[in-house]
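Geometric and topological summary
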There are 4 protein chains.
Amino acid sequence: MIKAGIIGATGYAGGELVRLISQHNKLDISFLDSRSYATVEYSKVYPNLKNIIDDKCVSIDPDENLEDIDVLFTALPHGLSQEPVKKIFKKGKKVIDLSADFRLKNVDTYEKWYNTKHEAVDLLDEAIYGLSEIYSDKISKTQLVANPGCYPTGVLLSLYPLLKEKLVGGDRIIIDAKSGVSGAGRSVRDANLFSQCNENFRAYSIGTHRHTSEIEQELSIAAGKEVVVQFTPHLAPMTRGILSTVYLINNKNVSEKEINDTLDHYYDNQQFVRVLEEGEYPQTRAVYGSNYCDIGFKVDERTNNIIMISAIDNLVKGAAGQAVQNMNLMFGFDISEGLRQPPIWP
Amino acid sequence: MIKAGIIGATGYAGGELVRLISQHNKLDISFLDSRSYATVEYSKVYPNLKNIIDDKCVSIDPDENLEDIDVLFTALPHGLSQEPVKKIFKKGKKVIDLSADFRLKNVDTYEKWYNTKHEAVDLLDEAIYGLSEIYSDKISKTQLVANPGCYPTGVLLSLYPLLKEKLVGGDRIIIDAKSGVSGAGRSVRDANLFSQCNENFRAYSIGTHRHTSEIEQELSIAAGKEVVVQFTPHLAPMTRGILSTVYLINNKNVSEKEINDTLDHYYDNQQFVRVLEEGEYPQTRAVYGSNYCDIGFKVDERTNNIIMISAIDNLVKGAAGQAVQNMNLMFGFDISEGLRQPPIWP
Amino acid sequence: MIKAGIIGATGYAGGELVRLISQHNKLDISFLDSRSYATVEYSKVYPNLKNIIDDKCVSIDPDENLEDIDVLFTALPHGLSQEPVKKIFKKGKKVIDLSADFRLKNVDTYEKWYNTKHEAVDLLDEAIYGLSEIYSDKISKTQLVANPGCYPTGVLLSLYPLLKEKLVGGDRIIIDAKSGVSGAGRSVRDANLFSQCNENFRAYSIGTHRHTSEIEQELSIAAGKEVVVQFTPHLAPMTRGILSTVYLINNKNVSEKEINDTLDHYYDNQQFVRVLEEGEYPQTRAVYGSNYCDIGFKVDERTNNIIMISAIDNLVKGAAGQAVQNMNLMFGFDISEGLRQPPIWP
Amino acid sequence: MIKAGIIGATGYAGGELVRLISQHNKLDISFLDSRSYATVEYSKVYPNLKNIIDDKCVSIDPDENLEDIDVLFTALPHGLSQEPVKKIFKKGKKVIDLSADFRLKNVDTYEKWYNTKHEAVDLLDEAIYGLSEIYSDKISKTQLVANPGCYPTGVLLSLYPLLKEKLVGGDRIIIDAKSGVSGAGRSVRDANLFSQCNENFRAYSIGTHRHTSEIEQELSIAAGKEVVVQFTPHLAPMTRGILSTVYLINNKNVSEKEINDTLDHYYDNQQFVRVLEEGEYPQTRAVYGSNYCDIGFKVDERTNNIIMISAIDNLVKGAAGQAVQNMNLMFGFDISEGLRQPPIWP
């Protein structure tokens, strides 16, 4: 058994990480750090885990020795990960950071989109962008994983192969994404109240959402040229799930079979990506509580567009699940260790 | 007081019509037709209307005299309206048809998208497309209104002025729309069950939804040339509301002010369209239970796109409310008669 | 037109009050007081009311003259109403207080259940408990109404007649009530977050909820002796609505007909209470957004219990709607003025 | 590996059974029977299980040999299980029946509450009521388990120990239960539509719900005398979960400590029942998707009542999970085999 520390364990990504790790046969929890709930029993904050996780929350000082951990997960808001990651990385520990702090290779891009100075620039080159299925080789060899954002995960898994294999150019990509409210985390704000979200649907951060930079970085790598995307996130009245609908110009007259073959080539051996059959489209319920990403698509000959659709559970594949998958890669464990529970329906 | 008959009164559009008419000061209900519930008290089917609507449902034969009605509303599935509308139209009655049967001017387009033969072709020229704010003059003079579909209503109110005033061309318009489940009507199907829809989000009828034809017809009229759109409807886990996010290429370098001025020009005197301020985006809750259409937009200079967003209550502005608004136009009533109730929040 | 001031206008009860008053033909708004949102446009806080309410929020000093108002509504948390009510009452204005501060006749009971000192004890005798249908005569003559709590409203409307007419004694009354989340107000707390409430159902404040004291006071008045109740509130994953299920011992062998006759006697001329037919039970959707209280019941001969069920919209009949109804009584307006909108279904 | 057949595999209980068995290390699926979906791929009916369950549905004739199965699960509506259970029981197979058909010992009680003749009366004596924690010894030795109903499971786990240990008598027990909509199964009816259930809360079958008979049978066994209960089920706008609030007269002046000790005595070694600490009450979210039953309670000295609260996931502990737990008992497997996934939060 190896041992993991979790910093920021009481947010929703942290809570999901703890839930998944509790099922992991090779990994034990060393500490659950939380500023807000230090000294509180973890199962008071997540009553689902009563009798499963008996630990109390602690407040960790990253300058401490931390000798007993093999891997650190940081699940903090962006800007707050840099210092602890830097310190613990230097101790030689493996680190998986769930924030945005190490995802962007270009520090200027980070500072522009996140509007804050980066305090660990030297680590940017060390960090591997943790899109598990695409970068599995690099992830398995790195000491530091920058775990992808929730929106980018579903979008990139459906688009990366198409741009990489030149089935589509990168022109005028429109990404219309819909997320459950847990994507906003457990932060206590008027906009996240039940009565403000229930029976309500709205767009937000149109053209300005920070995940845009991450999607563009990875699509540019895939296409081998700069790609700009229009990204619109929406808030749906549900707890979990992201459905992303992406519109691409079919300027190479690609057929559905070609898309299918390309996706199969990338994902046939990847158990957590399921390519749906023609005429079937993803739905968030089908991946609920699981690490799956479902992908479906349509070539519309009438309009000359390709529509790519993906569904993930934002807290699993879009955060904690992918983090565990990356840890499995880093330690050479079975990729599905801790992630075997099937989606729940209904 | 004038008198209205309603055919198909027990579907959700019919139910909403009855609710709104119960508040109308110039209109009484003559009969509530329903095949499924004939002889049943209406308030057994819609218990919200107990003590408000005392009528029993009846089964109407369109060959009957129907002398006492001044206006007929038909709220039937497409294909079923043609016969009763034809017969009652010939009696000289005003008719507002909430189905798709009289919306498309071109019978071939109808027969292609709806995959059924049209049995009242001669009435297509008589019918005015009932997009209230755009065609108010024509509606006020017609005997037959083809009430718009729920998706087209919100989409067209946000797009028609831009295409008509040549702020945008009609190239590669992407319409990504999200609807509450009541848009599927009160039809008893597995896909509409609570447990299938709750905590679920999905796309459907990608590139094939019938409302595409209606949107294209009206945008082509606005643009003065054939316009083709990519239309993707989605099902959101909520009862009411449609949010439509539309992507337009900003090939004329239009500013937000120009869009705002154009919308103001069209809607300043139209109480049921609210153009939001810069930086504000529509949300379905803000129009819940009301006849409002809220419109917001963003000019994204980084991507050279214009994003238009509209929100309606699919059962009110997207069906029964617009039908009442059209009836008010046809009879010269105050446009807001029967429609004054503000949206409910939360 | 008379004029109303509203103190605490941006909570959910305040928001609903503003929505209802916007439809009231005899009442205008003079000011909308809010500490949190002073100087902000009201429609930024309640976007549903854009173009309907143009006022900005203000912060009112109860020592001001306030000459132009005829009636004051206070919609503040308990403990905060006493001072403004006292001051404005002394100016001779009519006051309707939506908090708990003037509901309990016995100051010791108040101080025990609310755990705070009462600062306006002399007004307790002036205040009439505003259960509209039961105390309409007194309400129409008073200067100060203590508007009932949401839970007590539905419970008392179903029980008061039975205890008053001695159909049941007051022994071992069990009240199991279920409320939508808006009952917790617009307060920004972890427990009110969408993701904490959605797909969740729980009991809270078992045996200790403050509304217990209010229910017991009124049932004791009805029964002419001290009545103690077991009251358990629950939180349901919905925005609006309270369903109360009450269990009474049928120790006088009362029949369903007798209960029905008694309720009819009380409510036949009361348009906002609807007594359902045998075999029909209330549901919150049937009163959604309206001032109705629906009552149903069952005499279970097998168990010798009577089960009384009532449904209200907690923000309308349970708060703002009943406040408007009481204001109508106080000023001699038609009882339904401002309250005519039918419940929304679905 | 042993092999299981499932009859009625496409209802929600069947779907949950398949999901759980897919995680079971000692059990394989032999066939998935479904009349409605015979020949259809199972993952078309439950898209969550794509790539996890590859079987097609079949239609099984209970007269077939069925040699390759070790255990049969029947998840059919009541009345339909008797024939297949009888036939397959006679082949010597172990059978777990999820319907109500073998739960009641007294055939008259069955025929009265279910209003249908029982066609396998001789098996009633063979069947063990499968309340896992209470009857584990008998279950481990039987060939036929009558799996408890969803409502009885939570209610009985909280009440059985109290009645058995004489902490309370059986007088005037009030059971107020609230269930998610999946409890109604996947049956396609108007009352189960999303738009009819969402934002709605209602009681149903007051005093007449069939689970009453099952609860009374078991409580009578516990108390050693005939116990009659008042049982009121309600429908809550959520997919999963049952919260049961039970009111008992505290006529023996029992303390919270005594209740706690008694529950601990029964459940300390039972991993799927969690007794909450004083002041904590169960919530359905805390058991979501899991086999846990959470129990909390309150002794109200003011009213002399005991309030017992339990929460379960109706599809897991209330159906498929308990069935798997019983199968584990019957075959001597680890009790948690196939049931280890923690509840999901949020």
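Below, the structure is looked at part by part.

So, about the relation of the copies chain B and chain A. Once chain B has been moved 0.0 Å along the axis and rotated by 180°, it coincides with chain A to within an RMSD of 0.0 Å. Taken together, the rotation angle and the small translation identify this as a two-fold axis. A symmetric contact is evident, with 100% of the interface residues of chain B recurring at the interface of chain A.

The next thing to look at is empty space enclosed by the protein. A complete count under the given rule lists eight cavities of 30 Å³ or more for this structure. Put simply, the largest cavity is a space of about 80 Å³. The wall of the largest cavity is formed by 14 residues, among which N198 of chain A, N198 and P237 of chain B, N198 of chain C together with N198 of chain D lie closest to the centre.

Before going further, it helps to spend a moment on the relation of the copies chain A and chain D. Note on the identical chains: chain A maps onto chain D by a rotation of 180° and an axial translation of 0.0 Å, with an RMSD of 0.0 Å. In this assembly, 100% of the residues forming the interface of chain A have copies in chain D that are likewise at the interface, indicating an isologous arrangement.

Bringing the state of the cysteines into the picture now. Residues and elements named next belong to chain B. Enumeration according to the criterion identifies zero disulfides over all chains in this entry. C150 takes part in no disulfide bond, and the closest cysteine sulfur to it belongs to C293, at a distance of 13 Å. On the basis of relative accessible area, C150 is assigned to the buried category, the value being 13%.

Structurally, I309 of chain A can be placed in strand β13 (residues 305-312). Placed 13 residues apart in sequence, I309 of chain A and G296 of chain A show a C-alpha to C-alpha distance of 5.2 Å. Excluding anything up to four places from it in sequence, I309 of chain A contacts L243, S244, T245, P282, D294, I295 and G296 of chain A together with A203 and I206 of chain B.

The next point concerns the side chain of T303 of chain C. Among the structural elements, T303 of chain C can be located in the loop between β12 (293-300) and β13 (305-312). Given a relative accessible area of 17%, T303 of chain C falls into the buried group. Looking at T303 of chain C, its side chain comes within polar contact range of the side chain of Q230 of chain D, at 2.3 Å. Aside from chain neighbours lying at most four places away, what touches T303 of chain C is V228, V229 and Q230 of chain D.

What follows concerns the pairing of strand β3 (residues 71-74) of chain C. Residue and element names in this part refer to chain C. The side-chain alternation of β3 yields two buried faces, one formed by V71 and F73 and the other by L72 and T74. Bridge count between strand β1 (residues 2-7) and β3: four bridges; the pairing is parallel. Looking across to β3, one finds that I6 is bridged to F73. Where β3 and strand β4 (residues 94-97) come together, four bridges link them in parallel fashion. Pairing of T74 across the sheet is with D97, part of β4.

Criteria and thresholds
- Residues numbered from 1 in each chain as written.
- Chains lettered and ligands numbered in written order.
- Predicted model: local features only at pLDDT ≥ 70, side-chain atom pairs only at ≥ 80, totals over all residues.
- Heavy atoms only, no water.
- Least-squares fit on C-alpha atoms with pLDDT ≥ 70 in both.
- Contact = heavy atoms within 4.5 Å.
- 1 Å grid on protein atoms, 1.4 Å probe; cavity = no way out; pocket = protein on both sides within 12 Å on 5 of 7 lines; lining within 4 Å.
- Points joined across faces, edges and corners; volume = space filled by probe spheres on them.
- Disulfide = S-S within 2.5 Å.
- Buried < 20%, exposed > 50% of the residue type's maximum accessible area, 1.4 Å probe, protein only.
- Helix = DSSP H or I, 4+ residues; strand = E, 2+ residues; numbered from the N terminus.
- Polar contact = N/O pair within 3.5 Å; in protein donor to acceptor, adjacent residues only side chain to side chain.
- Pairing = 2+ DSSP bridges.

These figures come from the coordinates and say nothing about function on their own.
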